[in-house]
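Survey of secondary and tertiary structure
Now for the letters of each chain:
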Amino acid sequence: MLLSEIVQLADAICSYSWEDARPEWLKKTDGGYCPRPGANECPMYYKFLFALTQNLQPSLILELGTGVHAYSAFHLAAGCPTARLITVDNSPTMLANIAESPLPHIEGWVGHSLDLFPKFQSELLVPVDVLFVDTSHVYEDTVQEYQLYRQLVRPRGILLFDDVGSGNLPHFWQSVEEPKHFHPMLHDTCGFGIAVKGD
């Protein structure tokens, strides 16, 4: 997908003109799989992750920063059940939540993303189609993750960054050389970064 097409998809979701095609279990807002118990809906960027992989149909998705409940991993994986999804987090708690989901194609790796890079570099046999970075939100960590893991992304692959409008991350976002777009509405107050790796 072109960057302009991805941005159009994000705009459609944020303007409520996108038809929500998520499975019913993923739409739960009662504290099951979606955050904010009692809320009317999931955050926009969860819907975007689902819609993106549904449209792109990637072979390999890599997420850095699962979070305890693995909500973003569920949405990335549910959009393309044929993809291999590897998600990384320091907390082993996420493994139990992944195991309880109806998505068998999610692999949870426990450890720090920077420490695990050599393992990815040696074991991944195909390039990454979608990379989603949502880890410590520390400037130095995010810069290193970008510089290292972009090497594993195929040409014209998608790079996604949550919260690039918070803390020192705007400085990181300015340094990203790929064609990119900052979307302020996908994640309220914190923003969301979308980039497409060059050839």
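Our subject in this report is the structure included herewith. Residues take numbers from 1 onward in each chain, read along the sequence in its written order. In keeping with the model being predicted, local features are shown solely for residues with a pLDDT of at least 70 and side-chain atom pairs are shown and tallied solely at 80 or more, while totals for entire chains, interfaces and linings include all residues. With hydrogens and water stripped out, all remaining heavy atoms of the structure feed into the side-chain values.

Think of a salt bridge as a Lys or Arg side-chain nitrogen and an Asp or Glu carboxyl oxygen that are within 4 Å of each other. As enumerated under the stated definition, the model contains 5 salt bridges in all. When the shortest N-O distance is used, the salt bridge between Asp 20 and Arg 22 registers 2.7 Å. Given the relative accessible area of 25%, Asp 20 is considered partly exposed. Where Arg 84 meets Glu 107, a salt bridge forms, and the shortest distance between an N and an O atom there is 2.6 Å. One end of the pair, Arg 84, is in strand E2 (residues 84-89); the other, Glu 107, is in strand E3 (residues 106-110), with 23 residues separating them in the sequence. Exposure categories follow from relative accessible area, calculated using a 1.4 Å probe and restricted to protein chains: below 20% of the type maximum is buried, above 50% is exposed, and the middle band is partly exposed. Helix and strand definitions here come from DSSP, where helices need a minimum of 4 consecutive H or I residues and strands a minimum of 2 consecutive E residues; each element is numbered from the N-terminal end.

Should DSSP find at least two bridges between two strands, the strands are regarded as paired. The 7 strands are arranged E3-E2-E1-E4-E5-E7-E6 in an open sheet whose pairing can be described as mixed. Of all the strands in the sheet, the pair left with one neighbour each is E3 and strand E6 (180-183). Sheet twist, expressed as the average angle between the axes of neighbouring strands with direction ignored, equals 15°. Strand direction decides the pairing type here: strand E5 (residues 153-162) and strand E7 (residues 192-196), joined by 5 bridges, are antiparallel. Pairing of Ile 158 across the sheet is with Val 196, part of E7. Against the sheet, helix H2 (residues 44-56) engages strand E1 (60-64), strand E4 (128-133), E5 and E7, with an angle of about 170° to E5. Residues are treated as being in contact if the distance between any of their heavy atoms lies within 4.5 Å. To define axes, lines are fitted to C-alpha atoms, for helices over the stretch in contact only, and angles between the resulting N-to-C directions are given on a 0 to 180 degree scale. Relative to the sheet, helix H6 (residues 139-149) contacts E1, E4 and E5, its axis offset from that of E5 by approximately 165°.

One can describe the packing of H2 onto helix H3 (residues 71-79) by two numbers: an axis separation of 7 Å at closest approach and a directional angle of 25°. Relative to H3, H2 is oriented roughly parallel. Remark: the crossing between H2 and H3 carries right-handed chirality. Along its contact with H2, which presents Tyr 46, Lys 47, Leu 49, Phe 50, Thr 53 and Gln 54, the element H3 presents Tyr 71, Ser 72, His 75, Leu 76, Ala 78 and Gly 79. Residue composition of the contact of H2 with H3, by class: 6 nonpolar, 5 polar and 1 charged. These descriptions rest on fixed angle ranges, namely under 35 degrees for roughly parallel, over 145 for roughly antiparallel, 65 to 115 for roughly perpendicular, and the rest for oblique. By definition, turning the near helix anticlockwise from the far helix through less than a right angle yields a left-handed crossing, and turning it clockwise yields a right-handed one. Each residue gets one of three labels, nonpolar for Ala, Val, Leu, Ile, Met, Phe, Trp, Tyr, Cys and Pro, charged for Asp, Glu, Lys and Arg, and polar for the others, Gly among them.

Side-chain rings of Phe, Tyr and Trp, where Trp is taken by its six-membered ring, are said to pair if the distance between their centres is within 6.5 Å; with planes under 30 degrees apart they count as stacked, over 60 as edge-to-face, and otherwise as tilted. Under the counting rule described, the total for this entry stands at 15 aromatic pairs. Ring centres of Phe 117 and Tyr 149 lie 5.1 Å apart, and the angle between their planes is 80°; this geometry places the pair in the edge-to-face category. Note that Phe 117 is positioned in helix H5 (residues 113-123) and Tyr 149 in helix H6, a separation of 32 residues in sequence. Of the two residues, Phe 117 and Tyr 149, both sit in the buried class. Here Tyr 146 and Phe 172 contribute two aromatic rings whose centre-to-centre distance is 5.7 Å and whose plane-to-plane angle is 75°, an arrangement assigned as edge-to-face. Note that Tyr 146 is positioned in helix H6 and Phe 172 in helix H7 (residues 169-175), a separation of 26 residues in sequence. For the residue pair Tyr 146 and Phe 172, the accessibility class agrees, reading buried in each case. A ring has a charge above it when a Lys NZ or an Arg CZ is no more than 6 Å from the ring centre and no more than 35 degrees off the ring normal. Looking at Lys 180, its charged tip hangs above the ring of Trp 173, at a distance of 5.4 Å from the centre.

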